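Below, each chain spelled out in residue letters.
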Amino acid sequence: MVDMITIEDASDELLLFGGQLGDNILKIEAIGPKGDDGDKGDKGDTGKQLIYVTGAPATNVGNVGDFAIRNTGDVYEKTAANVWTLRFNIKGPQGDQGIPGPGDMNAAEYDSNNDGKVNAADVADSAPWDGITDKPAAFPPETHIHADATETDPGFMSAADKTKLDGVSAGATANATDAELRDRSTHTGTQSADTLTDGATNKAFLAAERTKLAGIAAGATANQTDAYLLSRANHTGTQGQNTVTNLTTDLAARQLTSEKGQAGGYAGLDGTGKVPAAQMPSYVDDVLEYANLAAFPGTGEAAKIYVALDTNKTHRWSGSAYVEISASPGSTDAVTEGATNLYFTAARVRSTLLTSLSLLTSTAVIATDTVLDAIGKLQAQITGLVASAIGFTPANGIGSTNVQAAIAEIARNNRNYLINSNGAINQRGVISANDDTYAWDRHYVLTQTGAVGTGFIVDPTPGVLCMMRQTQAQVAAQRMGIAQIVESINCRDLQSSVVTLLGKLRCSSSQAIRYAVLEWTGARDVVTSDVVNSWTNGTFTAGQFFTSTTLNVLAVGSTTPTVATVTDFALQATVGASANNLIVMIWTEGTAAQGVTLDVAWELVDGTRDASAYPLDQRTIQDEVTLCQRYYCKSFPLNTAPVEGVASSWIAGFAWSAAAIGTQTISFPVSMIGIPTITFFKPAQITGTNSKWQWFDSGLGSYQDSSATIVSSGAIQSNANFSANLTVAGATAKGGYIVQGNWTAEAEL
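All values reported here derive from a predicted model rather than from experimental measurement.

Cut-offs and rules
Residues numbered from 1 in each chain as written. Predicted model: local features only at pLDDT ≥ 70, side-chain atom pairs only at ≥ 80, totals over all residues. Heavy atoms only, no water. Helix = DSSP H or I, 4+ residues; strand = E, 2+ residues; numbered from the N terminus. Buried < 20%, exposed > 50% of the residue type's maximum accessible area, 1.4 Å probe, protein only. Contact = heavy atoms within 4.5 Å. Areas by Shrake-Rupley, 256 points an atom, 1.4 Å probe, with all protein chains shown as cover. Pairing = 2+ DSSP bridges. Axes fitted to C-alpha atoms, helices over the stretch in contact; angles between N-to-C directions. Phe/Tyr/Trp six-rings, centres within 6.5 Å; stacked < 30°, edge-to-face > 60°. 1 Å grid on protein atoms, 1.4 Å probe; cavity = no way out; pocket = protein on both sides within 12 Å on 5 of 7 lines; lining within 4 Å. Points joined across faces, edges and corners; volume = space filled by probe spheres on them. Nonpolar A, V, L, I, M, F, W, Y, C, P; charged D, E, K, R; others polar. Core = buried A, V, L, I, M, F, W, Y, C linked by side-chain atoms within 4.5 Å. pLDDT = per-residue confidence, 0-100. Salt bridge = Lys/Arg side-chain N within 4 Å of Asp/Glu carboxyl O.

Enquirer: When you look at the overall build of the protein in this model, what are you seeing that I'm missing?
Expert: Helix and strand content of the protein: 12 helices and 33 strands. Across the 749 residues of the protein, 29% fall into the buried class. When contacts within the protein are restricted to residue pairs at least 6 apart in sequence, those whose partners lie at least 24 apart make up 57%. Accessible area for the protein stands at about 47900 Å²; split by element, carbon and sulfur atoms hold 53% of it.

Enquirer: Help me out: how do you make sense of the sheet that holds strand β6 (residues 83–89) in this one?
Expert: Two strands in a sheet stick together by hydrogen bonds in their backbones, pointing the same way (parallel) or opposite ways (antiparallel). Reading across from one edge, β3-β4-β5-β6 is the order of the four strands in this open sheet, with mixed pairing throughout. The two strands at the open ends of the sheet, each matched to only one other strand, are β3 (50–53) and β6. Adjacent strand axes in the sheet meet at a mean angle of 30 degrees, parallel and antiparallel pairs treated alike. Strand direction decides the pairing type here: strand β4 (residues 67–70) and strand β5 (residues 74–80), joined by three bridges, are antiparallel. If you follow Ile 69 over to β5, its bridge partner there is Val 75.

Enquirer: Before we go on, may I ask you to explain the packing of aromatic side chains in this structure?
Expert: Aromatic rings considered in pairs are described by the distance between their centres and by the relative angle of their planes. Enumeration over the complete set of coordinates arrives at 20 aromatic pairs. With 5.4 Å between their ring centres and 80 degrees between their planes, Phe 636 and Phe 681 make a pair best called edge-to-face. Note that Phe 636 is positioned in the loop between β23 (632–634) and β24 (650–651) and Phe 681 in strand β27 (residues 677–681), a separation of 45 residues in sequence. Look at Phe 681 and you get buried, because its relative accessible area is 11%. Among the aromatic residues, ring-to-ring pairing joins Tyr 290, Phe 296, Tyr 306, Trp 317 and Tyr 322 into one connected group.

Enquirer: In this structure, what is going on with the environment of Thr 85? I would like to understand it.
Expert: Locating Thr 85 in the fold gives a position in strand β6. Once the C-alpha coordinates of Thr 85 and Ala 68 are considered, the two residues, 17 residues apart in sequence, prove to be 9.7 Å apart.

Enquirer: Would you take a moment to explain the layout of surface pockets for this structure?
Expert: Over the atoms a probe the size of a water molecule is rolled, and this reveals where empty space is left. Of the voids in this model, the largest pocket is the one considered here, and its volume is about 250 Å³. Together, 19 residues line the largest pocket, and Asn 422, Ala 424, Leu 465, Gln 618 and Arg 619 are the ones closest to its centre. At the level of elements, β14 (452–461), β15 (464–472) and α12 (621–628) are the ones that each hand at least two residues to the lining of the largest pocket. For the lining of the largest pocket, a count of residues per class yields nine nonpolar, six polar and four charged.

Enquirer: I keep staring at the environment of Asn 742 and nothing clicks. Help me out?
Expert: Relative to the elements of secondary structure, Asn 742 occurs in strand β33 (residues 742–746). Distance from Asn 742 to Thr 679, taken between C-alpha atoms, is 8.5 Å for residues 63 residues apart in sequence.

Enquirer: I keep staring at the pairing of strand β22 (residues 597–606) and nothing clicks. Help me out?
Expert: Most of β22 sits out of view: 10 of its 10 residues are buried. Across the two faces of β22 the burial is the same, with Thr 597, Asp 599, Ala 601, Glu 603 and Val 605 and Leu 598, Val 600, Trp 602, Leu 604 and Asp 606 all buried. For β15 and β22, the ladder comprises four bridges, and the chain directions are antiparallel. Along β22, the bridge assignment pairs Met 468 with Val 600. Here strand β17 (residues 498–507) pairs with β22 via nine bridges, running antiparallel. By the bridge assignment, Cys 507 is partnered in β22 with Leu 598.

Enquirer: Please clarify how the nonpolar core should be interpreted in this entry.
Expert: If you look at soluble globular proteins, the nonpolar side chains tend to sit buried side by side. In terms of nonpolar packing, the biggest core is built from 36 residues, with Leu 501, Ile 586, Trp 602 and Leu 604 touching the most fellow members. Put simply, the parts of the chain that give this core at least two residues each are β16 (480–486), β17, β18 (513–520), β20 (567–574), β21 (581–588) and β22. Core analysis: the second largest hydrophobic core is formed by 20 residues, Ala 516, Trp 520, Phe 545 and Trp 587 among them.

Enquirer: For this particular structure, what's the right way to read the confidence of the model for the protein?
Expert: Low pLDDT means the predicted coordinates in that region are not meant to be read closely. In the predicted model, the protein carries a mean pLDDT of 81, and 82% of its residues have values of at least 70. pLDDT under 50 marks residues 5–27. Its contacts with residues more than four places away, or in other chains, come to 26 contacts. A low-confidence stretch, residues 391–401 (pLDDT under 50), is modelled with 16 contacts involving residues beyond four sequence positions or located in other chains.

Enquirer: I tried to follow the sheet that holds strand β13 (residues 444–447) on my own but got confused; where do I start?
Expert: As summarised here, the arrangement of the six strands in space is β12-β13-β16-β21-β18-β19, forming an open sheet in which the pairing is antiparallel. If you trace the sheet from one side to the other, it starts and ends with β12 (437–438) and β19 (551–559), each paired once. Both β16 and β21 contribute to a ladder of six bridges, which runs antiparallel. If you follow Gly 481 over to β21, its bridge partner there is Trp 587.

Enquirer: Sorry if this is basic, but what is going on with the side chain of Thr 447 here?
Expert: With respect to the helices and strands, the residue Thr 447 is situated in strand β13. Accessibility expressed as a relative area gives 2% for Thr 447, which makes it buried. Apart from the residues within four sequence positions on either side, Thr 447 is in contact with Asn 434, Asp 435, Val 452, Gln 478, Arg 479, Met 480 and Trp 535.

Enquirer: Help me understand the environment of Trp 743, please; the structure alone is not making it clear to me.
Expert: Positionally, Trp 743 belongs in strand β33. Along the backbone, Trp 743 and Lys 634 are 109 residues apart, and their C-alpha atoms lie at a distance of 5.7 Å. Discounting residues that sit within four places of it in the chain, Trp 743 has contacts with Cys 633, Lys 634, Ser 635, Phe 636, Ile 666, Ser 667, Phe 668, Ile 678, Thr 679, Phe 681, Trp 693 and Phe 722.

Enquirer: Explanation requested: the pattern of salt bridges in the structure shown.
Expert: Pairing is possible between side chains of opposite charge, provided their charged atoms come close. Under the defined criterion, the tally for this structure stands at 13 salt bridges. The residue Asp 369 makes a salt bridge to Lys 377 at a minimum N-O spacing of 2.8 Å. Among the salt bridges present, the one from Arg 428 reaches Glu 746, with a minimum N-O distance of 2.9 Å. Note that Arg 428 is positioned in the loop between α10 (400–413) and β11 (432–433) and Glu 746 in strand β33, a separation of 318 residues in sequence. Owing to a relative accessible area of 28%, Glu 746 belongs among the partly exposed residues under this scheme. Ionic contacts of the salt-bridge type, sharing partners, join the residues Arg 469, Arg 506 and Asp 599 into one network.

In structure tokens, the structure reads:
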């Protein structure tokens, strides 16, 4: 029967003849040319391992399903994560002794007793010592070790056992059991009471207690409580006066009731609580009335009052005559003016000279001030207020001419030269800013290494509406700050003048905060905004910390505020005659860790001001927005950040040419500082392309895809408006198209 036939070449012929296949399977294998390599198969499962070990396999070796074979023949299987299970042993029983080899000696002849040793060795094992020849005369000792004796095996005594044995006295008897030795009933001798401790019922009898007991009389009864014994209500017997403190002397100083109303005694009181007339001197109620002075007695008495009823005048007896007792005239009209003491009239008050008037004190007027003091204080306060308002103190006081000059200067000197000085306006919607980039309107960020967070906080302290907040966002600590450039046309009037930078600051960490006033002497409004030359330079001058090109450092101040506490600051500086722009900056002098915040609200004003004067110029939010729009404006709502896909209003009025180009002039809300950079944003009405506007065909009633729309800044006509050129594929020359889209205009210094 043919089992398998191999065809080596595809051209070979296979001929089968004779017989049947029957129960066997005829296998035919045809081998053709080698084909292309197949695709790489999937990675197979991890195979099982067979691990060889010399001891029990460790639990952290191998995977579940692996086997381990030990040098003893034991075979283990890992049946769980940390479990090896002994399955069987592959070592079989000892086999039969093999056939003797082809040597000269055979066991039957040389090991007749079959003990594994030749017969001669058996004889040598039992040879007597004297029968051994050529043995050495002496055997040098060899280094060897004997085991220590144990409780069951003999051996040498250990050093520890030897020390223990030496500590046992000669003739000592064996100890009793621990239980017998601890049982107090087996103890002998006596035990000191000092070694006893109190039990739950029986207590140790101390020596002091024994002495106390010895001092108590036999048969004595128990005392009452201290409170009972101290209470006088429980006392018996009598107590001598001399044992009561001050009782004898106090009683001796008292008057007896028998002395009441008696000479040398004391006056008593009648039923109405008054001293009886009989016990009072005669002058107390001795007022005698007569018709007139002539009716008085010829000789009067001392201590009596005599009244003449016709004139109602009173008199006393002088010892030789009656003397009138003068009463109040009742009105100044009844008193004639003298030569020295004159009446106080309104005319005299108005003409009184302010001799010795002092203007040195400007404190509040109080009730104990004289009129002269009060006028001096008020004048000093007025002088100080005018000086604070206009930045100077008039040399000749506040005369009418100086007051008029002061009023003329107040408007200028209270003006805040910074715009959006508390950061309330953030048209860009910036929440994170890199070095030398704008965040809040008119304010830009300066950092040492990386971006910082930007925002603002509302009502940080009474009188302050909000403050800019800068948050250090980098993992590595860095210095950070805020700055603003004042436009030339707004600050050249300050040349050769004293200015004050003042405001409020707060820092969440304890460190010095620096602030500075700088002047730019280069081309007007062409200012290098990054004024920091080296953040790590501790010398705050041009060419050191600050840059030096056409930049002068007018003043630098510093304060270390209490952590998280709003703190006043102020810095005076004199502006140079050639200043074209002013720059103010505030920053952390040291590095700030991640998460540290710096809050700022400030003003720059003409003249000298105290730090507590902030804020001097609180503009309305609308006025502040208008000022900001000179440098940055947009079509978005004020509080909406400029991004793609924000809904916009219709922009009508596009004029379309035959080439499908629409043109429209769009005005800015205010005249900008210069020709701005225009950025376009797609609206939200339909899906379109970023930076492209949408157009709507009112005739078709549908939006048109803006993918083919190209918006360019076109011909920017002025700082008041710009022209938008819109090219739309498929538009025809007509005026029925309405456009939608947003824009921003940037013209910051």
